[in-house]
Amino acid sequence: MGQREGSGTGLRQAEAVIVERYPQLLRLAYLVLPPDLDRHTRLLRAHRAVQHSLRAAGRRARQGGDPLAAVRAEVVRHAAGRLRGPLPPWVWGLRMWPSAEGLDEAARGLAGLTPYARAAYVLCRFDGLGGDAAAEVLEQAGAGDPAGEVRAARAAAAGPGASEVAPGATDAAGTGAVADPGPPGVPGDGTGPRADGSAGLPAGAVPSAGTGPSASAGLSGGAGPRSGSETILHPAAVHTRPTDLLLRRTRVRAAWSLAAVLLLAAGLTRATAAGPEPGLPAPYAGAPAARAALDPARLVRVPAGAWSDTGRVDFTAWPARGPRTGDRALLTRALGTWAAPTPDTAVAAAPGVSAEPPGHPPQLLFAGDPGPGTLVVVFLDADRIVRYTEQGGRRSLDIARTDDANVTTAAAVTLTRDAGTARRLLAPWIATAGVQDLTAPAGTARPLPIGPDGTVTTELPRGPADERAGGAAAGGAGGEGCGPRPVLEVVSSPRIVEKHAFLLADLGGLLPVHLTYTPPADGADAPPARQPREATGPAALARWAQEACTLGDVDGRAVRAVNLWDFAVTELPENTGRAVWSCARATHRDGRGDVRIRLRPPAGASLAVAHAESTAACGRFGQHLLAATLWRAPSGHGYQLAAGSREVAEITATGSLHTRTTGRTLTVPAPPASAPPAALTATLRSGAVITALDARGGGRD
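As the structure is a computational prediction, the values presented were derived from the model and not from experiment.

Scoring rules and cut-offs
Residues numbered from 1 in each chain as written. Predicted model: local features only at pLDDT ≥ 70, side-chain atom pairs only at ≥ 80, totals over all residues. Heavy atoms only, no water. Pairing = 2+ DSSP bridges. Helix = DSSP H or I, 4+ residues; strand = E, 2+ residues; numbered from the N terminus. Axes fitted to C-alpha atoms, helices over the stretch in contact; angles between N-to-C directions. Salt bridge = Lys/Arg side-chain N within 4 Å of Asp/Glu carboxyl O. Buried < 20%, exposed > 50% of the residue type's maximum accessible area, 1.4 Å probe, protein only. Contact = heavy atoms within 4.5 Å. Disulfide = S-S within 2.5 Å. Expected span 1.5 Å × (residues − 1). Polar contact = N/O pair within 3.5 Å; in protein donor to acceptor, adjacent residues only side chain to side chain.

A.B. asks: Teacher, can you tell me more about the sheet that holds strand β10 (residues 412-418) here?
C.D. replies: The strands making up a sheet are joined through hydrogen bonds of the backbone, oriented either antiparallel or parallel. Spatial ordering of the open sheet is given by β10-β11-β14, a layout of three strands whose pairing is antiparallel. Strand pairing shows two members of the sheet lacking a second neighbour, β10 and β14 (455-459), which therefore form its edges. Geometrically, the sheet is characterised by an average inter-axis angle of 30° between neighbouring strands, direction not taken into account. Summarising the sheet, strand β11 (residues 421-426) and β14 pair through five bridges and their orientation is antiparallel. In the strand pairing of β14, Ala422 is matched with Thr458.

A.B. asks: What is the right way to look at the pattern of salt bridges in this model?
C.D. replies: A side chain of one charge can pair with a side chain of the opposite charge when the charged atoms of the two come close. For the structure shown, the criterion picks out 24 salt bridges. Among the ionic pairs, Arg324 bridges to Asp327, the shortest N-O distance being 2.9 Å. We classify Arg324 as partly exposed; its relative accessible area is 27%. Judged by its relative accessible area of 22%, Asp327 falls in the partly exposed class.

A.B. asks: Whenever I open this one, helix α14 (residues 538-547) confuses me. Can you help?
C.D. replies: In an α-helix there are 3.6 residues to a turn, and that puts residues three or four apart on one side. All of the buried residues along α14 are Ala540, Leu541, Arg543, Trp544, Ala545 and Glu547. Where α14 is buried, its residues contact β16 (501-505), β17 (513-518), β18 (533-534), β19 (559-572), β20 (577-588) and β21 (593-600).

A.B. asks: Looking at this model, I keep getting lost on the state of the cysteines. Mind explaining?
C.D. replies: In protein structure, a disulfide is the covalent linkage between the sulfur atoms of two cysteines. What the rule picks out here adds up to one disulfide. There is a disulfide in this structure between Cys583 and Cys618, and the S-S distance comes to 1.9 Å. Between Cys583 and Cys618, the S-S dihedral sits near 105°, and the bridge is therefore right-handed. Here Cys583 is found in strand β20, whereas its partner Cys618 is found in the loop between β22 (607-612) and β23 (626-632), with 35 residues between them in sequence.

A.B. asks: Looking at this model, I keep getting lost on helix α5 (residues 67-80). Mind explaining?
C.D. replies: Relative to the 20 Å expected for 14 residues at 1.5 Å per residue, α5 spans 20 Å between its end C-alpha atoms, a close match to the ideal helical length. Of all 14 residues that make up α5, 11 are buried, and the element is covered over most of its length. Regarding α5, the residues found buried are Pro67, Leu68, Ala69, Ala70, Val71, Arg72, Ala73, Glu74, Val75, Val76 and Ala79.

A.B. asks: Just checking my understanding: could you explain the sheet that holds strand β24 (residues 638-644) for this structure?
C.D. replies: Strand order across the open sheet formed by three strands is β23-β24-β27, with antiparallel pairing between neighbours. Each edge of the open sheet carries a strand with a single partner, namely β23 and β27 (665-669). The sheet shows a mean angle of 15° between the axes of neighbouring strands, direction not considered. Judged from the seven bridges that link them, β23 and β24 form a sheet pairing that is antiparallel. In the strand pairing of β24, Ala627 is matched with Ala643.

A.B. asks: Even after reading the chapter, I still don't get the side chain of Glu390, so can you show me in this structure?
C.D. replies: Residue position: Glu390 is located in strand β8 (residues 384-391). Separated by 2.7 Å, the side chains of Glu390 and Arg333 make a polar contact. Within the local environment of Glu390, its side chain forms a polar contact with the side chain of Tyr388, the two groups lying 2.4 Å apart. Apart from residues no more than four positions distant in its own chain, Glu390 is found in contact with Leu330, Arg333, Gly373, Thr374, Leu375 and Arg395.

Okay, structure coming up:
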């Protein structure tokens, strides 16, 4: 009981000191704080330092210490210590600064001192303490060298303009004292009591009676005489003004908006606190946006007849088909595997496509069981199509690009491949389907039944390795040696295009490849440019039959279309017949193109002339072409052959050959085998010059 009473007594003594001397303590804290703070912040921190000194000072007073010295020490310790965060007191909507402008000038004059030296200056100059008393307060506040801090304060007081040291004047420490003028520029409070006894008050100020000692006592030696009044140079009296009112309105609105967002987030968090849905990967359990993207109930489902009433005929017009579009468990497993594949999940992404999970709910295209023991789900996510497969306890993901998809390149998706057959899902605008052997152009397409879910079953060509081997054995000579090449021939609904049939080839990718053909330009004059056409006519089928085996070199995962362009026809020497120059361009879904130039003689194997990757040649933006090769006649003589596209007016050979011919073809005896290859260029009708296409990127202006 007695201990509690002593504790309360110490606190009451410290509180009485703070209440009675609050302005002086506030001034002490204000001048000890860093001078680089703005006045408003320094004033609030000074109030905080004084108010937070109560409890520690009460403990010192309870232990028998002087309450005033204890409070001063705690104020100095708080003001000289590390600045902490935005603790009270707080002021909203107002900016404050001390009315006594000389106080800020005093703070600037003390900027070069340490916090404890600034405290010694205030204690001695304004509070009238002697050197020993000030050093004792600093020691309680935690100063490492209290006497040194007092000496530093005295040195600052003896700056420029200070009075001479009085002969024989000493302080308690035994050092000569100086009459303190205060820091430079401090008005009305620097040279001791004035004649009116106001101790350096500003003009018109009313002194407070009997509340403190002389202003210069502690820095001029000894305790000094007390004047009848004390300076009012303290920050207790303040000026105020409002903050930026428009900015304040903006901040209030922003605060309300932030509060609304936090409340919404809290609601969403509470709504999802029940735990993740079965099949949803753990990383997405606490992310509402990701959970929404992987929620089967939020999948995009297009109405069945949307494809016939839209100007955009591609995968976005596909409805959700298949008998399992309502199987929530299957859809959840598919989305979860896409978001976080397990280590035993096979993920196959086409070149240049990301396997990242969706950022928003994808579109559902198909969910069903196209084969025994096989479950398949197909999604569309922007420019990606994703196929999820469950078969024999194993899961797999296949991802392909769908850039610039249209009526033909968005006409089918491969669901399964098994035992030499493939099950495909056709676009809703496909009216009829059949299978055509590309190596047998005289045959007719065999009709295929389309199931109620839009699927068909077709035969698969031989594997790429077998095709390459067969093509090599036959020298790449057309359909001989590579076996049947079944392709899908489909016809669009009259609602989309009337009498529109086209070919789709399975080249191993998730999406089949569209085959087209561009016939040669006839005539001596430059004819109009011809656009690729569907490879369903007799001439197109005959030419593709000759080049069918070359499709084995195409990467079906990245290619959306292959166009066979017969850009020139040349008469071979020695009355051998006519040969066709062709350029097969495989256009990738990202716009790049790989081209292969071949020369097809009237009999025998076709000759590989040039191969270039990532080029515009043989496409819409690369219609000017020159190609050259060496050809050996049946007699054994060698010839240099060259041919250009429709705009070529002249071909020139330099180097080991020196010749020039007018027209689109060149045929001259070949240079000796020991001679370097000839350099060939072509001049267009516009006057531009192009080089022969080769792997180094020729063929451009």
